[in-house]
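Structural description and commentary
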Amino acid sequence: MFTLKEILEKTACSELSVEEAEKLVRLQAIVELDGIAKLDYKREERKGVPEVILAENKSVGDTVDIAVKMFEASGRVIISRCTVQHVEALRAAVVSKLSDAVCSVNERARVVVIKRKDYPVVCSGGRVGLLTAGTSDISVAEEVRVISEEMGCMVYVEYDLGVAGIHRLLDPLKDLVVKDVDVIVVVAGREGALPSVVAGMVNVPVIAVPTSNSYGFGGKGVGTLMAMLQSCSLGIAVVNIDSGISAGAMATLIANRVAKFRKG
């Protein structure tokens, strides 16, 4: 099976007709697994970020089967929101079924990455800043880190910088400016004020991630999300509650595109 780049090159050289190229692209786009899942294993080539398998609400057996099939098709699989049972079963599958694979687990993020031992993660030159308001927001932030690093970005992390002690923010933010990051992801719960403060002080895009770490009126992140959407600081984009994977994907797309033109 040709890669997407090879298909485009062969079409440009008239080695493939447009119709043949279209058929090849469609054939390589999706792998079906026994009627339970259709895997978009070429998403990374098309989109710039890979498909991520959500383990939440999936049985352990289905999750393992999907992960193995995805690994066989692309050489890497990322599984998010894993329970302890998911993690144990995925580790066992690597030992019993995928002898050429390595398995890494980010326990805080509940993310498992399985990839070939020689799988290349090429440094893109993209630079992502990652901040949290509190320690309780770290689990969501670590989802951002995993996706960004798997897509070749450098991730500069500073945690526990909430506005209750605003002085804690200043030096880490200066450091991100010195490092000339391409985008900053800010993860916060409660009143969700930190992204607005950060966006008011920097000239790069800020991605705000509300977490469910709040209670009472507007609890479970609802008030946080509303506050971020109402921010008066320009340059903020907001993702859904606890959506570290989505924020990581957006940050990666921004940072890697900036890096591409910086190199050029």
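Going by the structure above, here's the rest.
On a predicted model such as this, the values are computed, not experimentally measured, just so you know.

A word on the overall build of the chain
The secondary structure content of the chain amounts to ten helices and eleven strands. Here the C-alpha atoms of the chain give a radius of gyration of 20 Å, agreeing with the 18 Å that 2.2 N^0.38 yields for 264 residues. A separation threshold of at least 6 residues defines the contact pool for the chain, and within that pool the share at least 24 residues apart is 66%. Total accessible area on the chain stands at roughly 13,600 Å², and carbon and sulfur atoms take up 55% of it.

Quick look at the sheet that holds strand β3 (residues 52-54)
Across the sheet, which stays open at both edges, the four strands sit in the order β3-β4-β6-β5 with mixed pairing between neighbours. Two strands lie at the open edges of the sheet, namely β3 and β5 (101-106), each paired on one side alone. Strand-to-strand twist across the sheet, computed as the mean angle between neighbouring axes with direction ignored, equals 20°. For β5 and strand β6 (residues 111-116), the ladder comprises six bridges, and the chain directions are antiparallel. Looking at the pairing, Val102 lines up with Lys115 of β6. Docked against the sheet, helix α4 (residues 60-74) engages β3, β4 (76-80), β5 and β6, running at close to 150° with respect to β4.

Points about the sheet that holds strand β9 (residues 183-188)
The five strands lie next to each other as β8-β7-β9-β10-β11, forming an open sheet whose pairing is parallel. Strands with a single pairing partner mark the edges of an open sheet, and in this sheet they are β8 (154-158) and β11 (236-238). Across the sheet, the mean angle from the axis of one strand to that of its neighbour is 20°, orientation sign disregarded. The strands touched by helix α9 (residues 222-229) within the sheet are β9, β10 (206-210) and β11, with β10 carrying the most contacts at an inclination of about 160°.

A few points about the packing of α4 against helix α5 (residues 84-97)
At a minimum axis separation of 10 Å, α4 and α5 run at an interaxial angle of 45°. Between α4 and α5, the angle is such that the two are oblique. In the packing of α4 onto α5, the handedness of the crossing is right-handed. Within the contact between the two elements, α4 uses Val60, Thr63, Val64, Asp65, Ala67 and Val68 and α5 uses Gln85, His86, Ala89, Leu90, Ala93 and Lys97. Its residues placed into classes, the contact of α4 with α5 shows seven nonpolar, three polar and two charged.

Brief notes about the pairing of β4
Both faces of the sheet carry side chains from a regular strand, because those side chains alternate between them. Across the five residues of β4, five count as buried, placing the element largely inside the fold. Two elements, β3 and β4, share three bridges in a ladder whose sense is parallel. The residue of β4 that forms the bridge with Leu54 is Ser80. Taken together, β3, α4 and β4 form a β-α-β motif whose crossover is right-handed. Taken together, the four bridges between β4 and β6 define a ladder with antiparallel strand orientation. From the neighbouring strand, Val77 faces β6, where its bridge partner is Ile114.

Some remarks on the environment of Ala89
Along the chain, Ala89 turns up in helix α5. Excluding residues that lie within four positions of it along the chain, Ala89 makes contacts with Val60 and Val64.

Some remarks on the environment of Ile53
Its location among the elements puts Ile53 in strand β3. It is 8.0 Å that separates the C-alpha atoms of Ile53 and Ile66, two residues lying 13 residues apart in sequence.

Description of the pairing of β9
A large share of β9 lies buried, amounting to six of its six residues. Relative to β9, strand β7 (residues 127-132) is paired through five bridges, and the arrangement is parallel. Across the sheet, Leu131 pairs through a bridge with Val186, a residue of β9. Of the strand pairs in this sheet, β9 and β10 are connected by five bridges, and their pairing is parallel. If you follow Val185 over to β10, its bridge partner there is Ile207. The parallel pair β9 and β10, bridged by helix α8 (residues 194-199), forms a crossover whose chirality is right-handed.

Thresholds applied
Residues numbered from 1 in each chain as written. Predicted model: local features only at pLDDT ≥ 70, side-chain atom pairs only at ≥ 80, totals over all residues. Heavy atoms only, no water. Helix = DSSP H or I, 4+ residues; strand = E, 2+ residues; numbered from the N terminus. Rg over C-alpha atoms; globule rule 2.2 N^0.38 Å. Contact = heavy atoms within 4.5 Å. Areas by Shrake-Rupley, 256 points an atom, 1.4 Å probe, with all protein chains shown as cover. Pairing = 2+ DSSP bridges. Axes fitted to C-alpha atoms, helices over the stretch in contact; angles between N-to-C directions. Parallel < 35°, antiparallel > 145°, perpendicular 65-115°, else oblique. Left-handed = near helix turned anticlockwise from the far one by under 90°. Nonpolar A, V, L, I, M, F, W, Y, C, P; charged D, E, K, R; others polar. Buried < 20%, exposed > 50% of the residue type's maximum accessible area, 1.4 Å probe, protein only. Right-handed = clockwise from strand over helix to strand, strands pointing away.

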